[in-house]
Amino acid sequence: MDFKEFKEYIIKHISEYLPEEYQGADITIFSQIKNNDTVLDGLQIMKDKEEMAPLLYINGAYQAYREGNEIDLVVSALADSYIKAVSKNEDFGLDMPLEDIREYEKIKNKITCRLVNQAANKKRLQDKPFTLVEDLAVTYHIQLVAGEDSIGSIAITKEMMDIYGIDVATLHKQAMNNMERFSPAVIRPVREVLMNLMVPEFMAEYGMSEAEAHRSVEAAIPENIPELLCVTNDSGLNGAVCIVSPEVQQKLEETAGGDYYVFPSSVHEILVLPKAGEINCAELQAMVQRINQETVSEDEWLSDHIYEYNAENRIFHIADSSLQKETLEKTPEKMVQKHNAKRH
């Protein structure tokens, strides 16, 4: 069956695999424009008198069906996943009544922000306020629930902003003020990040003790490459936006010892390289583009540009390759590749 027939089959039959309380529920599947204008189809099951319910994307399930999995097994797995999603939402609970979303004073302390590529999100940004930072766009969201591996939020639209009677500058200022409380920046050496990721894997795969795994990983990471910093937030979700915060920029200035370059690893994190001399930005940009193509998923891609922060003027901008003359002898390409490969 094609995708349209697959969706119709789910709507008709998924209730057969759900608990009794879901019999008679309103079952819908609708498309949503996600990051980088990626279109996904979400399943939502609303019981009577419910104001909201989880949205479970079914595109992966259709792919599983196309690969030969029995349709009823696929639908059964979807039902199980949906019940798990509902259970997570019930455990966390909403941070506010839904009716409060229309009142700015009640939601302003829950406004968060994300960073996306402006050109790649033209459709998604049509009805949403955003602040342009070079070729990137800061978008605004109301956080409703938060878990260990997911965040439930509502994107703020231009219509909502009109209801609030505020402008984009006010939204941006509030989001920046909330950042430290909601999702504070976490700055760590990439070596440390890699150690935390790879040591448990070495222990499980090779039966090593923690000390043995630590030594093996340490030996596998080249010593003669520049020390990169990984910047994200405490949840590791949508953490790249930390770089637009003046406070974070200045904290990185202190850590890096002055000017630095920024590599957009994904929407979840960025990598920072302290300036230790002029480099060939064109070559580094080509490197970033190649790594993005090989290791970053379409919906998590942020940019193929590299950026730089000028400490004297406190300006964050796209690195101007025409001003760079010398090629960095030891690029951080291999470390960036390893880091991204571990994420994806």
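So, how was this worked out
- Residues numbered from 1 in each chain as written.
- Predicted model: local features only at pLDDT ≥ 70, side-chain atom pairs only at ≥ 80, totals over all residues.
- Heavy atoms only, no water.
- Pairing = 2+ DSSP bridges.
- Helix = DSSP H or I, 4+ residues; strand = E, 2+ residues; numbered from the N terminus.
- Buried < 20%, exposed > 50% of the residue type's maximum accessible area, 1.4 Å probe, protein only.
- Disulfide = S-S within 2.5 Å.
- Expected span 1.5 Å × (residues − 1).
- Axes fitted to C-alpha atoms, helices over the stretch in contact; angles between N-to-C directions.
- Contact = heavy atoms within 4.5 Å.

Enquirer: How do you make sense of the sheet that holds strand β2 (residues 39-46) when you look at a structure like this?
Expert: Pairing between sheet strands relies on hydrogen bonds along the backbone, with the strands arranged either parallel or antiparallel. With antiparallel pairing, the three strands of this open sheet are ordered in space as β1-β2-β3. Each edge of the open sheet is held by one strand with a lone partner, namely β1 (26-33) and β3 (56-57). Strand direction decides the pairing type here: β1 and β2, joined by eight bridges, are antiparallel. Residue pairing across strands places I27 opposite I45, the latter belonging to β2.

Enquirer: Would you explain the environment of S265 in this entry?
Expert: Tracing the backbone shows S265 in strand β10 (residues 260-266). The exposure class of S265 is buried, given its relative accessible area of 3%. Placed 35 residues apart in sequence, S265 and C230 show a C-alpha to C-alpha distance of 9.1 Å.

Enquirer: What is the right way to read the state of the cysteines from this model?
Expert: What is meant by a disulfide is a covalent connection between two cysteines, made through their sulfur atoms. This model, assessed by the stated rule, comprises zero disulfides. Unpaired in terms of disulfides, C113 finds its nearest cysteine sulfur in C242, a separation of 8.1 Å. Take C113: its relative accessible area is 9%, and that puts it in the buried class.

Enquirer: Can you walk me through helix α7 (residues 168-182) in this structure?
Expert: Every α-helical turn comprises 3.6 residues, leaving residues that sit three or four positions apart pointing alike. Its 15 residues give α7 an end-to-end C-alpha distance of 20 Å, which sits within 8% of 21 Å, the value for a rise of 1.5 Å per residue. Among all positions of α7, only L171, H172, Q174, A175, M176, N178, M179 and F182 are buried.

Enquirer: Just checking my understanding: could you explain the sheet that holds β10 for this structure?
Expert: In space, the six strands of this open sheet follow the order β8-β9-β11-β10-β12-β13, with antiparallel pairing throughout. The sheet is open, and its two edges are formed by β8 (185-189) and β13 (315-318), each paired on a single side. Direction aside, neighbouring strands of the sheet carry axes that sit 30 degrees apart on average. Taken together, the five bridges between β10 and strand β11 (residues 269-274) define a ladder with antiparallel strand orientation.

Enquirer: Quick question: what am I supposed to make of the environment of L40 here?
Expert: Looking at the secondary structure, you find L40 in strand β2. Along the sequence, L40 and I58 sit 18 residues apart, while their C-alpha atoms lie 7.8 Å from each other. Other than its neighbours up to four places away in sequence, L40 contacts F30, S31, Q32, K34, Y57 and N59.

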